[in-house]
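So you can see what is in the structure, the chains are spelled out below.
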Amino acid sequence: MSPAAGAGHPSMRRFEGRTVFVTGAARGQGRSHAVRLAREGADVLAVDVCAPLGTVAYPLATPADLAETARLVEAEGRRVVPAQADVRDADALGAAVADGVARLGGLDVVLANAGIGLMDPAADPRQAFRDQLDVNLVGVWNTVHAAVPVLVEQGRGGAVVLTSSAFGLTGRGGDGSGGGDGYVASKHGVVGLMRTFATWLAPHGIRVNCVNPSGVATPMVLNPAVEALFGGPLTEDGDGGGGGKDPDDVANLLDVTLVDPGDVSAAVAFLASDEARYVTGVALPVDAGMLVR
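The following paragraphs examine the structure supplied in this document. What you are looking at is a predicted structure, and each value in this text was computed from that prediction instead of being measured.

As for the overall build of the chain
Step number 1: Within the chain one finds 7 helices and 7 strands.
Step number 2: Sequence-ordered secondary structure for the chain, helices as α and strands as β, is β-α-β-α-β-α-β-α-β-α-β-α-α-β.
Step number 3: The C-alpha radius of gyration of the chain comes to 18 Å, within 12% of the 19 Å expected for a compact globule of 293 residues.
Step number 4: Along the longest, intermediate and shortest principal axes, the C-alpha atoms of the chain span 55 × 40 × 40 Å.
Step number 5: Excluding contacts between residues fewer than 6 apart, the proportion of contacts in the chain whose partners are at least 24 apart in sequence is 75%.
Step number 6: Within the structure as shown, the chain displays about 12,100 Å² of accessible surface, and the carbon and sulfur contribution to it stands at 56%.

In structure tokens, the structure reads:
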């Protein structure tokens, strides 16, 4: 685990007395964000669908994963409300937010993190394309619209951080497949939503930014389906093990193949904190220089 995953000095409590709403919280980046902000004082509304999606090439999170996230947040001495809800279902998200706010006493930070990656090559490409857009883009829209009315009504500002991708800022990643096209299009769309949300919410003192990581060491990447795509496990130089997909699609400039979830969480924590009080409308790469290549 990188030093960034340790949340810095133990006295850092930038989110004391605040509540954060995280989607895709059962594992991966979402879990890392939830635990990082809990370590800095936040109570957490942790939402995940915890169910499979037929077009996705790898297993999604389970209820046991979400329970483990809740355990880790509580181990930091913070309250947590775990909830199973699909970000594609606006009504379910709205109900989860209402329940979380009632139980935790308010809302201050929204992390629209839920997303899907590699699609099953055998899936109908039209359905794979739609599923990418529905989860990665419509799901972000639903998340923000479920939470923002609470922030506006409270009248004390707030912060929203959306999870995009380095592929949301480049032409890389397109391969003509429904899943690949949908992923890149959805992540570009998240950047567009971030910019229009920042304009919309600035009069309410609510800041909106996004993070754009390159490959992150989470189950979305560390799974047999991705290994098969690259011809084997990703090696230190970003290459695969045997003639699979072009490694330049994921190669970073710095000497690291996959960034640690904690490194992304460090950027998210900064953007959500008062230290970034005049930072809004920004797409922040956490990409080890991938976009420079």
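Brief notes about the sheet that holds strand β4 (residues 109–112)
Step number 1: Spatially, β3-β2-β1-β4-β5-β6-β7 is the arrangement adopted by the 7 strands of the open sheet, whose pairing is parallel. On the outer flanks of this sheet lie β3 (80–84) and β7 (283–286), each paired with one strand and no other. Going across the sheet, the axis of each strand differs from the next one's by a mean of 15°, ignoring polarity.
Step number 2: Where helix α4 (residues 125–154) meets the sheet, its contacts fall on β1 (19–23), β4, β5 (158–163) and β6 (206–213), and the angle it forms with β4 comes to roughly 175°.
Step number 3: Against the sheet, helix α7 (residues 261–272) engages β4, β5, β6 and β7, with an angle of about 165° to β6.

Description of the packing of aromatic side chains
Step number 1: All told, the structure shown has 2 aromatic pairs when counted by the stated rule.
Step number 2: With a centroid separation of 6.4 Å and an interplanar angle of 85°, the aromatic rings of Phe167 and Tyr183 are classed as edge-to-face. Residue Phe167 is found in the loop between β5 and α5 (178–201), and its partner Tyr183 is found in helix α5; the two are separated by 16 residues along the sequence.
Step number 3: For Tyr183, a relative accessible area of 17% corresponds to the buried category.

Side note on unusual backbone geometry
Step number 1: One non-glycine residue with positive phi stands out, namely Cys50, at about 50°.
Step number 2: Of the residues examined, Cys50 reaches a relative accessible area of 8% and is grouped as buried.
Step number 3: The phi angle at Ala288 is positive, at roughly 55°, despite the residue not being glycine.
Step number 4: Residue classification places Ala288 among the buried positions, given a relative accessible area of 12%.

Focus on the packing of helix α1 (residues 28–39) against helix α2 (residues 63–75)
Between two packed helices, both the angle of their axes relative to each other and the distance between the axes serve to describe the pair.
Step number 1: Put simply, α1 and α2 touch, their axes get as near as 9 Å, and they point 15° apart. Here α2 runs roughly parallel to α1, going by the angle between their axes. When the axes of α1 and α2 are compared, the crossing they make is right-handed. On α2, the residues touching Arg31, Ala34, Val35 and Ala38 of α1 are Asp65, Glu68, Thr69, Leu72 and Val73.
Step number 2: In terms of residue class, the contact of α1 with α2 is made up of 5 nonpolar, 1 polar and 3 charged.

What to know about the nonpolar core
Step number 1: Of all hydrophobic cores here, the largest spans 43 residues; its most connected members are Phe21, Val47, Leu107, Ile116, Val160, Leu162 and Val208.
Step number 2: Of all the secondary-structure elements, those providing two or more residues to this core are β2 (43–48), β3, α3 (90–104), β4, α4, β5, α5 and β6.
Step number 3: Here the element with the most residues in this core is α4; it accounts for 9 residues.
Step number 4: Setting aside its immediate chain neighbours within four residues, Val47 contacts Phe21, Val22, Thr23, Gly24, Ala25, Ala83, Ala85, Leu93 and Ala96.
Step number 5: Counting 33 residues, the second largest nonpolar core, distinct from the first, contains Val20, Ala26, Leu66 and Ala272.

Let's talk about the side chain of Asn136
Step number 1: Here Asn136 is to be found in helix α4.
Step number 2: Ignoring any residue separated from it by four or fewer positions in sequence, one finds Asn136 in contact with Ala114, Gly115, Ile116, Tyr183, Ser186, Lys187 and Val190.

Regarding the packing of α3 against α4
Step number 1: Closest axis-to-axis distance for the α3/α4 pair is 9 Å, and the angle between their directions is 35°. Here α3 runs over α4; the crossing is right-handed. In contact with Ala90, Leu93, Gly94, Val97 and Val101 of α3, α4 contributes Gly139, Asn142, Thr143, Ala146, Ala147 and Val150.
Step number 2: Across the contact of α3 with α4, the residue classes tally to 7 nonpolar, 4 polar and no charged.

Procedures and definitions
Residues numbered from 1 in each chain as written. Predicted model: local features only at pLDDT ≥ 70, side-chain atom pairs only at ≥ 80, totals over all residues. Heavy atoms only, no water. Helix = DSSP H or I, 4+ residues; strand = E, 2+ residues; numbered from the N terminus. Rg over C-alpha atoms; globule rule 2.2 N^0.38 Å. Contact = heavy atoms within 4.5 Å. Areas by Shrake-Rupley, 256 points an atom, 1.4 Å probe, with all protein chains shown as cover. Pairing = 2+ DSSP bridges. Axes fitted to C-alpha atoms, helices over the stretch in contact; angles between N-to-C directions. Phe/Tyr/Trp six-rings, centres within 6.5 Å; stacked < 30°, edge-to-face > 60°. Buried < 20%, exposed > 50% of the residue type's maximum accessible area, 1.4 Å probe, protein only. Parallel < 35°, antiparallel > 145°, perpendicular 65-115°, else oblique. Left-handed = near helix turned anticlockwise from the far one by under 90°. Nonpolar A, V, L, I, M, F, W, Y, C, P; charged D, E, K, R; others polar. Core = buried A, V, L, I, M, F, W, Y, C linked by side-chain atoms within 4.5 Å.

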